[in-house]
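Coordinate analysis (summary)
Listed below, chain by chain, are the residues.
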Amino acid sequence: MEENSAGPIKSRAKLFPRCSICGLIPERGIRGGIRLKKGFICHACEKDIVSLTADTCLYEERKEKIKALIK
Ligand SMILES: [Zn+2]
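All values derive from a computational prediction rather than experimental measurement. (Residues numbered from 1 in each chain as written. Predicted model: local features only at pLDDT ≥ 70, side-chain atom pairs only at ≥ 80, totals over all residues. Heavy atoms only, no water.)

Our next topic: the nonpolar core. Listed in full, the nine residues of the largest apolar core are Cys19, Ile21, Phe40, Ile41, Cys42, Cys45, Ile49, Ile66 and Leu69. Of all elements in the fold, only β2 (40-42), α2 (43-51) and α3 (57-70) reach the threshold of two or more residues within this core. Take this core: its biggest share by element is three residues, from β2. Sequence-distant contacts of Ile21, defined by excluding residues within four places in its chain, comprise Ile41, Cys45, Ile49, Arg62, Lys65 and Ile66. (Core = buried A, V, L, I, M, F, W, Y, C linked by side-chain atoms within 4.5 Å. Buried < 20%, exposed > 50% of the residue type's maximum accessible area, 1.4 Å probe, protein only. Helix = DSSP H or I, 4+ residues; strand = E, 2+ residues; numbered from the N terminus. Contact = heavy atoms within 4.5 Å.)

So this is what it looks like as structure tokens:
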């Protein structure tokens, strides 16, 4: 009986991954971002990273997070 309630939650988590950077779940689920080896990045964060220049500390911070995800 316990298994019954755990099932839907599991599949929902698969469909709607949480962004490893901002911690949000994109509205479009897996289509709303990129899947990495160990995580997921939503399109908003992807855009953010692309628009950041290498000399900002935010860039370094994001870069480290992504590095950890694709290790
Ligand atoms: Zn994000």
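Once the structure has been displayed, the description carries forward.
Around the zinc ion, the donor atoms from the protein are Cys19 (SG), Cys22 (SG), Cys42 (SG) and Cys45 (SG), and they sit 2.3 Å away. The coordination sphere of the zinc ion comprises four donor atoms, whose angles at the metal cover 103 to 114 degrees; the geometry is tetrahedral. (Donors = N, O, S within 2.8 Å, 3.2 Å for Na, K, Ca; no water. Tetrahedral: all angles 85-135°; square planar, octahedral: opposite > 155°, others 65-115°.)

A word on the environment of Leu36. Looking at the element boundaries, Leu36 is found in the loop between β1 (33-35) and β2. Residue classification places Leu36 among the partly exposed residues on the basis of a relative accessible area of 21%. Apart from residues no more than four positions distant in its own chain, Leu36 is found in contact with Ile41, Ile66, Leu69 and Ile70.

Side-chain pairs of opposite charge can arise where the charged atoms are in close proximity. The full count for this structure, using the stated rule, is three salt bridges. Here Asp48 ties to Arg62 by a salt bridge, and the two come within 2.5 Å at their closest N and O atoms. Residue Asp48 is found in helix α2, and its partner Arg62 is found in helix α3; the two are separated by 14 residues along the sequence. Relative accessible area serves as the criterion here: at 15%, Arg62 is assigned to the buried category. In this structure, the salt-bridge partner of Glu64 is Lys67, at a minimum N-O distance of 3.5 Å. Separated by three residues within a single helix, Glu64 and Lys67 lie in helix α3, roughly one turn from each other. (Salt bridge = Lys/Arg side-chain N within 4 Å of Asp/Glu carboxyl O.)

Limitation: the analysis is restricted to geometry and does not speak to function.
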